[in-house]
Amino acid sequence: MIDRAGLAGFLRTRRAALQPEDVGLPRGSRRRTGGLRREEVAALCHMSADYYARLERHRGPHPSAQMIASIAQGLHLTRPERDHLFRLAGHEPPAPGAGGDHLSPGVLRIIDRLGDTPAEVVTELGETLRQTRLGVALVGDLTRYTGPARSIGYRWFTDPATRALYPPEDHDFYSRMYVSGLRRVLTLRGPGSRAEHLAELLAARDAEFRALWKEHEIGVLPRQVKRFLHPEVGSLELHCQTMLDPEQSHSLLVYTAVPGSESHERLRLLSVVGDLSAPTAP
């Protein structure tokens, strides 16, 4: 059963403990008290301010597990704090293990401070969980996908638009890389895993995937320099730096250009026109 008083008290204390700069928000000159405002937390949690306020006041409907997960992420909770929040709301916490969508507070703090850099957080199956504004401008909003299409490896073989942002001469390498990466994750996670499910779906749908899967190739790693074909600013060569969160098996990917290069200038242009030029296809 939901513990409304405990839930309300926990939400209030966690909101008060967060500062605007902790979540990438400006402090502003009129803020009189520490902590975040309810409407700010509601925006971070992708819900109405009225709904969130009622939770803090012991009222409102019983929040779903999906809603609690969104609140936990918006409040930058650690995994133990997230599990506590689930139990207060009368839900079982998500099972431990890789493949979860909950981002650690440390990773969130980093990506919140990368507003002028293309960056994203992805799972081991290539599912994008969070992007910076310039990351969306570079490759489109990759967080909008649902089901198997959340994985870029799945989209690579099922959605031609996914390949349009990469030079044709790189396509064969990416096909090998995604098949090799999926085989690695399947071996790591075993039968019944989401990796196995993706492999079965792709084998049933795509001849190129079936042919590459039979090769049993392993160890095809991403290149440090990735080339993009942006519909507005043209071609870019960007260095990809990766930071791994081993607890969640998430990777933070940060894309930068060599200062003074043509790609550096085009990246600066993208930061100006990004909101208007973000491609609709990944």
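This structure is a prediction, so every number in the text was calculated from the model and none was measured.

> Describe the pairing of strand 5 (residues 250-256), listing the residues and the values that go with them.
Along strand 5, six of the seven residues are buried, which leaves the element largely enclosed by surrounding structure. Pairing of strand 1 (residues 119-122) with strand 5 involves four bridges; the strand directions are antiparallel. By the bridge assignment for strand 5, Glu120 is matched with Leu253. For strand 4 (residues 234-245) and strand 5, the ladder comprises seven bridges, and the chain directions are antiparallel. Across the sheet, the residue bridging to Asp245 is His250, located in strand 5. Between strand 4 and strand 5, which follow one another and run antiparallel, lie four residues, and Ser249 among them has a positive phi close to 55 degrees.

> Just give me the short version of the packing of helix 1 (residues 4-17) against helix 5 (residues 79-88), but keep the residues and values in it.
Taken N-terminus to C-terminus, the directions of helix 1 and helix 5 make an angle of 150 degrees; their axes are 9 Å apart at the nearest point. By the angle between their directions, the pair helix 1 and helix 5 is classed as roughly antiparallel. Helix 5 is crossed by helix 1, and the crossing has left-handed handedness. Only Glu81, His84, Leu85 and Leu88 of helix 5 make contact with helix 1, whose side of the interface consists of Gly6, Leu7, Phe10, Leu11 and Arg14.

> So what's going on with the sheet that holds strand 3 (residues 225-230)? Which residues, and what values?
Strand order in the open sheet made by the five strands is 2-1-5-4-3, with antiparallel pairing throughout. Each edge of the sheet is formed by a strand with only one pairing partner; in this case those strands are strand 2 (128-131) and strand 3. Here the strands of the sheet are splayed against their neighbours by 30 degrees on average, with no regard to which way each runs.

> I'd like to hear about the packing of aromatic side chains, residue by residue, with values.
If you walk through the whole model with that rule in mind, you get 10 aromatic pairs. Centroid distance Trp156 to Tyr178: 5.7 Å. Interplanar angle 55 degrees. Geometry classified as tilted. In this pair, Trp156 is assigned in helix 8 (residues 152-158) and Tyr178 in helix 10 (residues 171-189), connecting sequence segments 22 residues apart. Overall, Tyr178 belongs to the buried group, its relative accessible area being 15%. Three or more aromatic residues joined by ring pairs make a cluster, and in this case those are Trp156, Tyr166, Phe173, Tyr174, Tyr178, Phe228 and Tyr255. Looking at Arg144, its charged tip hangs above the ring of Tyr145, at a distance of 4.5 Å from the centre. Across from the ring centre of Trp213, 3.9 Å away, lies the NZ or CZ of Arg183, which sits over that ring.

> A description of helix 6 (residues 105-112) should follow, citing residues and the corresponding values.
Residues of helix 6 that are buried include every one of Pro105, Val107, Leu108 and Ile111, and no others. Projected onto a plane normal to the axis of helix 6, the buried residues spread over an arc of 160 degrees and lie on a single side.

> Pulling in residues and values, what's your account of the nonpolar core?
With 39 residues, the main nonpolar core has Leu182, Phe209, Phe228 and Leu238 as its most contacted residues. Among the elements that line this core, the one with the most residues is helix 10, at eight residues. Dropping the residues within four chain positions of it, Phe209 is found in contact with Phe157, Val179, Leu182, Ala199, Leu202 and Ala203. Core analysis: the second largest hydrophobic core is formed by 22 residues, Leu18, Leu36, Ala42 and Tyr51 among them.

> Please set out the side chain of Thr123 residue by residue, giving values where relevant.
Here Thr123 is to be found in the loop between strand 1 and strand 2. Overall, the relative accessible area of 4% leaves Thr123 in the buried class. A distance of 2.8 Å separates polar atoms of two side chains, one belonging to Thr123 and the other to Glu127. If near-sequence neighbours (up to four positions away) are discounted, Thr123 is found in contact with Gly100, Asp101, Leu129, Ser249 and His250.

> Can you tell me about the pattern of salt bridges, naming the residues and giving the values?
The tally for this structure, following the rule as stated, stands at 16 salt bridges. Its salt-bridge partner being Arg54, residue Asp50 comes within 3.3 Å of it at the nearest N-O pair. A residue pair is termed a helical-turn pair when its members lie 3 or 4 positions apart in one helix, as Asp50 and Arg54 do in helix 3 (residues 49-56) at four residues. Judged by its relative accessible area of 27%, Arg54 is partly exposed. Here Arg176 and Glu217 are joined by a salt bridge, their closest N and O atoms 2.6 Å apart. Taken together, the positions of Arg176 in helix 10 and Glu217 in the loop between helix 12 (207-213) and strand 3 put the pair 41 residues apart, joining distant regions of the chain. Salt bridges sharing partners connect three or more residues here, namely Glu169, Asp170, Arg223 and Arg227.

> Please set out the environment of Glu237 residue by residue, giving values where relevant.
When you line up the elements, Glu237 lands in strand 4. Along the chain, Glu237 and Glu208 lie 29 residues apart, while their C-alpha atoms are 27 Å from each other. Contact partners of Glu237, with chain neighbours within four places excluded, come to Val225, Lys226, Arg227, Ala257 and Ser263.

Rules used in this analysis
Residues numbered from 1 in each chain as written. Predicted model: local features only at pLDDT ≥ 70, side-chain atom pairs only at ≥ 80, totals over all residues. Heavy atoms only, no water. Buried < 20%, exposed > 50% of the residue type's maximum accessible area, 1.4 Å probe, protein only. Helix = DSSP H or I, 4+ residues; strand = E, 2+ residues; numbered from the N terminus. Pairing = 2+ DSSP bridges. Axes fitted to C-alpha atoms, helices over the stretch in contact; angles between N-to-C directions. Parallel < 35°, antiparallel > 145°, perpendicular 65-115°, else oblique. Left-handed = near helix turned anticlockwise from the far one by under 90°. Contact = heavy atoms within 4.5 Å. Phe/Tyr/Trp six-rings, centres within 6.5 Å; stacked < 30°, edge-to-face > 60°. Lys NZ or Arg CZ within 6 Å of the ring centre and 35° of its normal. Arc of directions from axis to C-beta. Core = buried A, V, L, I, M, F, W, Y, C linked by side-chain atoms within 4.5 Å. Polar contact = N/O pair within 3.5 Å; in protein donor to acceptor, adjacent residues only side chain to side chain. Salt bridge = Lys/Arg side-chain N within 4 Å of Asp/Glu carboxyl O.

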